[in-house]
Amino acid sequence: MELAGPTERELDAESADWLRRLSAGAGALRQQAERELHARLVRIALAEVNRRSASTPVTGPELTDVAHQAADDAMLAILAKLADFRGESRFITWAYRFVILEVSSKLGRHYWRNPPVTLDAAQWERLPDRFGIDPEEHAASAGILAEVRRVVEDELTAHQRRVFVAVVVDGIPLDALAARLSLQRNAIYKVIFDARRKIRRALVANGYLEDGGLERR
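Residues numbered from 1 in each chain as written. Predicted model: local features only at pLDDT ≥ 70, side-chain atom pairs only at ≥ 80, totals over all residues. Heavy atoms only, no water.

1. A few points about the packing of aromatic side chains
Phase 1 of the analysis: A full pass over the atoms with the stated rule returns five aromatic pairs.
Phase 2 of the analysis: Here the aromatic rings of tryptophan 18 and phenylalanine 91 are separated by 6.0 Å at their centres, their planes lie at 25 degrees, and the arrangement is stacked. Here tryptophan 18 is found in helix α1 (residues 13-22), whereas its partner phenylalanine 91 is found in helix α4 (residues 91-113), with 73 residues between them in sequence.
Phase 3 of the analysis: Tryptophan 18 sits in the buried class, given a relative accessible area of 5%. (Phe/Tyr/Trp six-rings, centres within 6.5 Å; stacked < 30°, edge-to-face > 60°. Helix = DSSP H or I, 4+ residues; strand = E, 2+ residues; numbered from the N terminus. Buried < 20%, exposed > 50% of the residue type's maximum accessible area, 1.4 Å probe, protein only.)

Right under this line is the structure:
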């Protein structure tokens, strides 16, 4: 297999070695490299699902199974795209991204198989806490909640409202929403940031918060 990517002289030694062995024809050299790479991918996937375990309903052996599935699918994707590797990062760093993407996708799909029942009223009532507003310190908590709902309903775009309500109000995990909307996690973060900024400005303008009060969390 002849790659159109960088030559080994342009890569760091470890990346060049990975590329050379994985690109070899069928034989012991390539098989050993594939076994080593798969083992690395499994370790990365297990570490990632454990890191996210607190924010996903997937637990126990099922969570471990997600990690192995993610490693398997990442392995296939990496081998299929070896020619796309340009040496802009270390090979393992490049491979790591495939694993993280697969973990996010699989955790997201698992969530939608059995999503929790949404408790709209209760979730909305807890919004002041999510913004770092202590009801005991803010007698106007009810007014704050009403203003937040007004901004969400009247000032956010349809996309901002959908993402904000899903993540902040309903508590849907980012991975699950990203999978459902076919978006990257960073895109979800950006939407939430912009929505919170609009809400913050409205709360400050109406005297519910001092400037900067909503940025504590």
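2. Quick look at the nonpolar core
Phase 1 of the analysis: Core analysis: the largest hydrophobic core is formed by 32 residues, its most contacted members being Leu22, Leu37, Leu41, Ile78 and Phe91.
Phase 2 of the analysis: Of all the elements in the fold, those that place two or more residues in this core are α1, α2 (28-51), α3 (60-80) and α4.
Phase 3 of the analysis: Ranked by residues supplied to this core, first place goes to α3 with 10 residues.
Phase 4 of the analysis: In this view, leucine 22 contacts Arg30, Ala33, Glu34, Leu37, Leu79, Leu82 and Phe91; residues no more than four positions away in its chain are not counted. (Core = buried A, V, L, I, M, F, W, Y, C linked by side-chain atoms within 4.5 Å. Contact = heavy atoms within 4.5 Å.)

3. A look at the environment of valine 49
Phase 1 of the analysis: Turning to its location among the elements, valine 49 is positioned in helix α2.
Phase 2 of the analysis: Exposure remark for valine 49: the relative accessible area of 1% places this residue in the buried category.
Phase 3 of the analysis: Along the sequence, valine 49 and alanine 67 sit 18 residues apart, while their C-alpha atoms lie 6.4 Å from each other.
Phase 4 of the analysis: Ignoring sequence-local partners within four residues, the contact set of valine 49 consists of Leu63, Val66, Ala67 and Val103.

4. Some thoughts on the pattern of salt bridges
Phase 1 of the analysis: For the structure shown, the criterion picks out 12 salt bridges.
Phase 2 of the analysis: With a shortest N-O distance of 2.9 Å, arginine 150 and glutamate 155 are connected by a salt bridge.
Phase 3 of the analysis: Residue class for arginine 150 comes out partly exposed when judged on its relative accessible area of 31%.
Phase 4 of the analysis: Connected through salt bridges with shared partners, the residues Asp17, Arg20, Arg21 and Glu36 form a single ionic network. (Salt bridge = Lys/Arg side-chain N within 4 Å of Asp/Glu carboxyl O.)

Interpretation note: all reported values are geometric properties and have no functional meaning in isolation.
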